[in-house]
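Per-entry structural report
Okay, here's what each chain looks like letter by letter:
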Amino acid sequence: MRPLPRSEPTASGEVHKARRRYVAAMSRINPAEVERIADLARLELGADEVQRMTAELEAILGYVAALEQLDTTGVEPTFHPILVTTPLRDDVAAPPLDPTRALANAPERSGTAFVVPKVLDEDER
Amino acid sequence: MPRDRFETALAQRAALDAGRVSSAELVEQSLARAEAAAELGAFVHLQPERARAEARAADARRARGERLSPLDGIPVAIKDLMVQEGEPCTCASRILEGFVAPYQGTAVAKLQAAGAVIVGRTNMDEFAMGSSNEHSIYGVARNPWDPARTPGGSSGGSAAAVAAGIVPIAFGSDTGGSIRQPASHCGVVGMKPSYGRVSRYGLVAFASSLDQIGPFARTASDCALALAAIAGHDPADSTSLLEAVPDYAGALRGDVSGLVIGMPREYFAEGADPAVLARVREAVAELERAGAKTREVSLPHAPYAIAAYYLIATAEASSNLARYDGVRFGRRAQARSLGEMYRRTRSEGFGAEVKRRILLGTYVLSAGYYDAYYRKAMQVRTLLRRDFEQAFRGCDLIATPTAPEVAFRIGEKTADPLKMYLSDIYTVSANLAGIPGLSVPCGFVNGLPVGLQLLGRALDEATLLRVADAYQRCTSWHEQHPEPSWERGG
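Criteria and cut-off values
- Residues numbered from 1 in each chain as written.
- Chains lettered and ligands numbered in written order.
- Predicted model: local features only at pLDDT ≥ 70, side-chain atom pairs only at ≥ 80, totals over all residues.
- Contact = placed C-beta atoms within 7 Å.
- Helix = DSSP H or I, 4+ residues; strand = E, 2+ residues; numbered from the N terminus.
- Nonpolar A, V, L, I, M, F, W, Y, C, P; charged D, E, K, R; others polar.
- pLDDT = per-residue confidence, 0-100.
- Pairing = 2+ DSSP bridges.
- Axes fitted to C-alpha atoms, helices over the stretch in contact; angles between N-to-C directions.
- Expected span 1.5 Å × (residues − 1).
- Buried ≥ 20, exposed ≤ 12 C-beta atoms within 10 Å, placed from the backbone.
- Arc of directions from axis to C-beta.

Facing 50 residues of chain A, the contacting portion of chain B comprises 71 residues. When contributions to the side of chain A that touches chain B are tallied by element, the ones reaching two or more residues are helix H2 (31-40), helix H3 (47-64) and helix H4 (99-102) of chain A. In terms of residue class, the side of chain A that touches chain B is built from 34 nonpolar, five polar and eleven charged.

Printed below as a string of structure tokens:
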């Protein structure tokens, strides 16, 4: 199977223009946008990482933009391909994970609580 | 007296039943082979004491005339993202270094109830994100057929462990091809069950609507035993299906007469190595000689599968991996404030490929983009599912190549993520449509194994196993094994 072309489609007229606008919007990822997303994802990227990720995400987003060639008007999304109804279990109380074991992997704990650094800092946005 | 390195689980079971070998001996042999194969990088953790104790228990049961299941006393391996209570589980990531699972995953619990002996945990791409097993904190896993090449990924260690004769059965997970592609590259059988066939409780989540646990083995008949051991509904996973688990071993009747094999025209056009396509066509011809019929089918949306897959998988991954924040488990970086701690922990703990996917997933889920990307991809998923439903009106199963080429060299694709993603071009559709898929060895190109992929109707794993088993009864690809060059002096 041939990988999808990364180029423009062959539509015409208004559809073509709309599609071009769409592709332009889909492909617009720049270093500032990458930094914004990294902040949302709580990741710190070095300057060289930002440059590299921008180029790589640009290539990937250019590739996936091909999906817009498909008309999906009125098509239901698939979340579980097979399940028709969610199986339910009886509402019976069962012992939860023992707190000592649940906390055993904690980097820092106090009694049955997780300890974290202070939440507010003058640097925090 | 060393036993045949490439003995199947069925043969081991027969030897156990006849008293020719003990589980303790089989487990000792697996542990020794795993140690001797260190340069393959297939294992990241061995659990010799626990395995030896479990083997002794299996031997004691057998001495009393009891047997928990056909796998009782058989050594197996699991991928390092299936949690086993009391054992480490790192997903080959720095961020989970030191984590010890406080609970039992359902697949592992079922294996234990079946008496299978888990000897160790296998290497993988970090958080199952990759197609080459090169993104691992433990270093690369290598292909037993040519250690300069990758075993495929992300379940590369499980595929290599079976191909190298360390264990007859191993388990992995498949989100977009992570069982089938390494099975193809390592010359073993690998199966991704239908979505919901196997519980995901205790499978560390990558993309929750796509992930499934499945087995590797050298034969379809061993694969049937392994799948039977882990399949079935689990109250702890509401996406697991209530449907009864059929008798997979009983479905291996050895004949394929009357079955119709669909050949998707989109998959047999250009794009794959012509030599790989030739092996796959020869395999289908072999099945025709055995009595199957073939017909051309069409999956018109297949060319969009990779695009839809990488949107869905990264969106779900960015959400799932938000839990690694340094608060409750795993690595924590020192910091003065909580926000700084999150950022440092995640930046130091995740590798480059994981960060790339988190960023892409965060982007496609971020304000204003959800409909254009995630929802759109989930709609394309419906179109692809309908393609398969339409195709299966005219055939019983579908045959395709598993991968577009044989195993590639270590380092060959690491510089171009998109090129790496295209390694999964034939496999992602099954995850998107939720249907079962299996890869079975069907020959060699330049001395490297080629896999035939069989895709089936939802919940029809039995037909795939039946056809793969029938194919192995009339071919001998699975009886060809790599030279154990990785064992110094062996």
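For the rest of this paragraph, the subject is the confidence of the model for chain B. Mean pLDDT for chain B: 96, with 99% of residues reaching 70 or above. The ipTM for the predicted assembly is 0.90, set against a pTM of 0.94.

A word on the sheet that holds strand S10 (residues 437-445) of chain B. Residues and elements named next belong to chain B. Taken in spatial order, the eleven strands of this open sheet run S1-S3-S2-S4-S6-S5-S10-S11-S9-S7-S8, and their pairing is mixed. The open sheet terminates on both sides in strands that have one partner only, identified here as strand S1 (43-46) and strand S8 (293-297). Put simply, the sheet's adjacent strands are angled 30 degrees from each other on average, direction ignored. The sheet contact formed by strand S2 (residues 75-79) and strand S4 (residues 169-174) spans three bridges and is parallel. Of the residues in S4, the one forming a bridge with Ile78 is Phe171. The strands that helix H5 (residues 156-163) touches are S1, S2, strand S3 (117-122), S4, strand S5 (189-192) and strand S6 (212-217); relative to S4, the one it contacts most, it runs at about 155 degrees.

Residue and element names in this part refer to chain B. With 16 residues, helix H8 (residues 274-289) extends 22 Å from end C-alpha to end C-alpha; this agrees with the ideal 22 Å at 1.5 Å per step. What H8 keeps buried is the set Val276, Arg279, Val280, Ala283 and Leu287. In an axial view of H8, the angular spread of the buried residues amounts to 95 degrees, which keeps them on one side of the axis. Turned more than 90 degrees away from the buried face of H8, the exposed residues are Pro274, Ala285 and Arg289. Close packing links the buried residues of H8 with strand S7 (260-264), strand S9 (397-401), S10, strand S11 (448-456) and helix H15 (461-474). Two residues or fewer past H8, Gly291 is found with a positive phi of approximately 115 degrees.

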